[in-house]
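Below are the chains, spelled out letter by letter.
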Amino acid sequence: MNWDDTTDAEAAAERLVGAVADGEDQAVEAALRPKDLGEFIGQEKVREQLDLVLRAARARGATADHVLLSGAPGLGKTTLSMIIAAEMEAPIRITSGPAIQHAGDLAAILSSLQEGEVLFLDEIHRMSRPAEEMLYMAMEDFRVDVIVGKGPGATAIPLELPPFTLVGATTRAGLLPPPLRDRFGFTAHMEFYGPAELERVIHRSAGLLDVGIDPTGAAEIAGRSRGTPRIANRLLRRVRDYAQVKADGRITQEIAAAALAVYEVDARGLDRLDRGVLEALLKLFGGGPVGLSTLAVAVGEERETVEEVAEPFLVREGLLARTPRGRVATPAAWAHLGLTPPRSQGSGNGQQDLFGA
Ligand SMILES: Nc1ncnc2c1ncn2[C@@H]1O[C@H](COP(=O)(O)OP(=O)(O)OP(=O)(O)O)[C@@H](O)[C@H]1O
């Protein structure tokens, strides 16, 4: 998904199943964040590796190596950066790539860091080029050159920095220039969460929010959370509202299913936009192949919205395939919408033809 494009990110943030944080998320997330590695659910490999990195640094009495976290929005990168600071008993400073427009902005932040401080740089791939170049030297030598003056009279004044730990976060590690990527001592890729992990996230959050929930209720919400803790927490809050207004406040499987039906989030986590795209593909175009522009017109959305907001999840779920001949529905898409594919698509040969990339 192209999260560089603010409009798409905003469009996605407006959805109940959007992974980008909205205003309400920002207000309540602090209370739901795990505080140490032991509380952080899932991501076993990342946790194990990070635990070793941090323990070793602590044992040496040194500042931890720079850490790069990559992965989709809402999987816990900010949370993990705060945990790194907590585990190192260090303060944390939080900023983001787009907030650093000039190298001077970065120099001001770096020069005010305390020894051992964690600098969390979200969306690090969106930093300006001069700032990025300044960061290379800061990461490697804990030094920056501050340029004073302009033109031929400009001079570089070297500035020593205290050792610090940079935690960079990006949704797209591939976009980082290799010199920057290489300066991180530890890189972790965060994966989408499985249903059992999401159930644990939901139980934990329900406990913190003081909401009663049955295991079946948690499973129902987990199944619709698109592998993302942020979405799980958001759906939990909407289901809690429903349970309070329509029942006795306790979340059961029936309550969760009924609440999320009101919000048009289906059993697999598809919302109205996702289902609209699939329905058009199946009902109007017999399952495809159909071009992206035609599909977008059929659902009354911008091409970019279909491509960047709806499609990535449909592809990930194995409901839609992008082929050189156009968008094609998979057999799972027909099954999910309870429709029968035309005969030619049901047969092995026809299917091969459709996906014949
Ligand atoms: N492993 C986890 N265990 C429990 N809760 C989690 C976990 N990961 C994330 N969360 C919860 O999900 C919410 C979103 O997490 P966080 O803000 O860290 O995501 P992010 O990857 O930094 O997102 P973004 O890329 O949009 O900044 C937080 O409220 C946090 O409590």
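Calculation criteria
Residues numbered from 1 in each chain as written. Predicted model: local features only at pLDDT ≥ 70, side-chain atom pairs only at ≥ 80, totals over all residues. Heavy atoms only, no water. Helix = DSSP H or I, 4+ residues; strand = E, 2+ residues; numbered from the N terminus. Buried < 20%, exposed > 50% of the residue type's maximum accessible area, 1.4 Å probe, protein only. Areas by Shrake-Rupley, 256 points an atom, 1.4 Å probe, with all protein chains shown as cover. Lys, Arg positive; Asp, Glu negative; His and termini not counted. Charge placed at Lys NZ, Arg CZ, Asp CG, Glu CD. Pairing = 2+ DSSP bridges. Axes fitted to C-alpha atoms, helices over the stretch in contact; angles between N-to-C directions. Contact = heavy atoms within 4.5 Å. UniProt positions renumbered as here; feature names shortened; annotations may be inferred.

1. A short note on the overall build of the protein chain
Stage number 1. A count of helical and extended segments in the protein chain gives 17 helices and nine strands.
Stage number 2. Along the longest, intermediate and shortest principal axes, the C-alpha atoms of the protein chain span 75 × 50 × 35 Å.
Stage number 3. The buried share of the protein chain, taken over its 357 residues, is 48%.
Stage number 4. When the accessible surface of the protein chain is summed, it comes to about 16300 Å², and 52% of that surface belongs to carbon and sulfur atoms.
Stage number 5. Charged side chains of the protein chain number 38 positive and 51 negative; the gap between the two group centres comes to 3 Å.

2. Some words on the sheet that holds strand S1 (residues 67-70)
Stage number 1. Strand order in the open sheet formed by five strands is S2-S3-S6-S1-S7, and the pairing between neighbours is parallel. Because the sheet does not close on itself, it has two edges, and the strands there are strand S2 (92-96) and strand S7 (186-189). Within this sheet the neighbouring strands show an average axis-to-axis angle of 15 degrees, counted without direction.
Stage number 2. With four bridges joining them, strand S3 (residues 118-122) and strand S6 (residues 165-170) adopt parallel strand pairing. By the bridge assignment, phenylalanine 120 is partnered in S6 with valine 167.
Stage number 3. With respect to the sheet, helix H4 (residues 77-87) is in contact with S1, S2, S3 and S6, its orientation differing from that of S3 by roughly 170 degrees.

3. Topic: the UniProt feature "binding site: Mg(2+)" (unreviewed entry) in the protein chain
Stage number 1. When the UniProt feature table is mapped to this numbering, "binding site: Mg(2+)" (unreviewed entry) covers Thr78.
Stage number 2. Note that threonine 78 resides in helix H4.
Stage number 3. If we skip the residues at most four places from it in the chain, threonine 78 touches Arg33, Phe120 and Asp122.

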